[in-house]
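Coordinates in review
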Amino acid sequence: MRIVHAANLQLDKDGAHLWNQDQKIHHGLVRLGHFVYPFSINDRARMLSPTKSKTFGKGKANKALIETCRNVHPDLLILGHAQYITAATLREIRAILPEIRIGLWYVDPLWDEEETKHLRERLEVIDALFCSTGGPLLEALARPNCPAAFIPSAVDAGIECHRAFETLDGEILHDLLFFGRDKGEPGRRAFLSELRELLPDLRVGYYGCLDQPGIFGWEKEQVIRRSKMALNLSRRVDVPLYSSSRIAELMGNGILTLTPRGAGLEGLYGEDEIVYFDGVGDLAEKVRYFSEHEAERLMIARNGWERNQRDYSGTEVARFIVDLTVRDEAWRKVPWAAHVFGG
């Protein structure tokens, strides 16, 4: 098919955010054999604003998307987040291309009503919604014309291209690492501070938190490759299936990943693919255990890597987005097909 993918490709980051979901889904669409025209919403808004402000350029970006669809004449418009693309714009595109199908994917949490307002405003003019949160929050967004479907965080073999389970001992930099901000997150900061007190003798790398600078791009990848274990710590653990997309960055690069129990991720990853923990004390115990049991650590890390690269690749996620949006029953074959509501 001919597809316009309107997302945030973050061209202004000069490659520092190369692992974003927009890139992985875009690559997946291309790998499926479609012609995929990229429309980077925020970058286009900046380009069209005299002040280089995406806020002031969003009106012109909407007009540019309409013209892009008029010129490309796509069978399918796939939107990524797309807060700046209005429902009125989508209606105008439908008026120009009555046969077009429109899908929207969103990989931020769904519990903030203000942040998700734009999703609810577009449900009547799109054909399918895809989110990285499951359960009641997702089900509440389903409409007869618009199923609401869970999607896992995608990996890309060209982006998550490392195998930390093959790193030699002499190259190891950290026993455990964590990437993530704690600014405005007192609970996360308290958790990490306690963890630091419980593991004073281990080499733990904290990036973007506990007053340490963040790390990006190739440098970040090398830290993952040269570490034994990594912590996947999302803002909430009581929301079904929700996880930060860092879970894909970590497991896709073959590092043993530890994540809190409570979000129902057991439906995506077995105990032999990821390590679940209950609280900071249990986490510290398991970090110590796996730092001393190398064979078991490497086995679980490899299993998690294989699961992500096989089942949760950007290609498989993109295939699911296309299939459900055009109502091809092949969407039912994915491992997460039970988490589709409405339609």
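Everything numeric in this text was worked out from a predicted model, so none of it was measured.

1. Structural notes on the pairing of strand β9 (residues 227-231)
Across the five residues that make up β9, a large majority, five, are buried. In terms of strand pairing, strand β7 (residues 174-179) meets β9 through three bridges, oriented parallel. Pairing of leucine 176 across the sheet is with methionine 229, part of β9. Note: β9 against strand β10 (residues 256-260), three bridges, orientation parallel. Paired with methionine 229 across the bridge in β10 is leucine 256.

2. Overview of the side chain of aspartate 182
With respect to the helices and strands, aspartate 182 occurs in the loop between β7 and α7 (186-198). Among the polar contacts made by the side chain of aspartate 182, one reaches the main-chain amide nitrogen of leucine 210 at a distance of 2.8 Å.

3. What to know about the state of the cysteines
Under the criterion given, the structure shown has zero disulfides. Free of any disulfide, cysteine 69 has its nearest cysteine sulfur in cysteine 146, 17 Å distant. Classification of cysteine 69 by relative accessible area gives buried; the value is 1%.

4. Comments concerning the sheet that holds strand β3 (residues 76-80)
Here we have seven strands laid out as an open sheet, ordered β2-β1-β3-β4-β5-β6-β12, and mixed in their pairing. Edge positions in the open sheet fall to β2 (35-40) and β12 (340-341), since each of these has one partner strand only. Note that strand β4 (residues 101-106) and strand β5 (residues 128-131) share four bridges and pair parallel. Counted as the bridge partner of tryptophan 105 is phenylalanine 130 from β5.

5. Focus: the sheet that holds β10
One open sheet holds the five strands; their spatial order is β8-β7-β9-β10-β11, and the pairing between them is parallel. Edge positions in the sheet fall to β8 (204-207) and β11 (275-277), since each of these pairs with one other strand and no more. Neighbour-to-neighbour, the strand axes of the sheet open up by a mean angle of 25°, direction not taken into account. Of the strand pairs in this sheet, β7 and β8 are connected by four bridges, and their pairing is parallel. Following the sheet pairing, phenylalanine 179 is matched in β8 by tyrosine 207. Running at roughly 145° to β11, helix α10 (residues 279-292) makes contact with β7, β9, β10 and β11 of the sheet. Packed on one face of the sheet, helix α11 (residues 294-311) meets β9, β10 and β11 and runs near 80° to β10.

6. Notes on unusual backbone geometry
Look at histidine 73: it is not a glycine, yet its phi comes out positive at around 55°. The residue histidine 73 is located in the loop between α3 (54-72) and β3 in this model. A positive phi angle, close to 65°, is found at arginine 327, a residue other than glycine. With respect to the helices and strands, the residue arginine 327 is situated in the loop between α12 (314-325) and β12. Classification of arginine 327 as partly exposed rests on a relative accessible area of 31%.

7. Points about α7
Each turn of an α-helix holds 3.6 residues, which means side chains three or four residues apart point in the same direction. Compared with an ideal rise of 1.5 Å per residue, which puts 13 residues at 18 Å, α7 spans 18 Å between its outermost C-alpha atoms and is within 8% of the ideal. Those residues of α7 that sit buried are Arg188, Phe191, Leu192 and Leu195. Within α7, the buried residues cover an arc of 95° as seen down the axis, which keeps them to one side. Projecting away from the buried face of α7 at angles above 90 degrees are the exposed residues Pro186 and Glu197.

8. Examining the pattern of salt bridges
Note on pairing: side chains with opposite charge can pair once their charged atoms come close. Counted by the stated rule, this structure contains 26 salt bridges. Glutamate 166 serves as the salt-bridge partner of arginine 163, at 3.6 Å between the closest nitrogen and oxygen. Classification of arginine 163 by relative accessible area gives partly exposed; the value is 39%. With a closest N to O distance of 3.2 Å, lysine 286 and aspartate 282 form a salt bridge. A residue pair is termed a helical-turn pair when its members lie 3 or 4 positions apart in one helix, as lysine 286 and aspartate 282 do in helix α10 at four residues. When its relative accessible area of 22% is taken as the criterion, lysine 286 is described as partly exposed. Within the structure, one salt-bridge network assembled from shared partners comprises Arg261, Glu266, Glu271 and Asp278.

Criteria and cut-off values
Residues numbered from 1 in each chain as written. Predicted model: local features only at pLDDT ≥ 70, side-chain atom pairs only at ≥ 80, totals over all residues. Heavy atoms only, no water. Buried < 20%, exposed > 50% of the residue type's maximum accessible area, 1.4 Å probe, protein only. Helix = DSSP H or I, 4+ residues; strand = E, 2+ residues; numbered from the N terminus. Pairing = 2+ DSSP bridges. Polar contact = N/O pair within 3.5 Å; in protein donor to acceptor, adjacent residues only side chain to side chain. Disulfide = S-S within 2.5 Å. Axes fitted to C-alpha atoms, helices over the stretch in contact; angles between N-to-C directions. Contact = heavy atoms within 4.5 Å. Expected span 1.5 Å × (residues − 1). Arc of directions from axis to C-beta. Salt bridge = Lys/Arg side-chain N within 4 Å of Asp/Glu carboxyl O.

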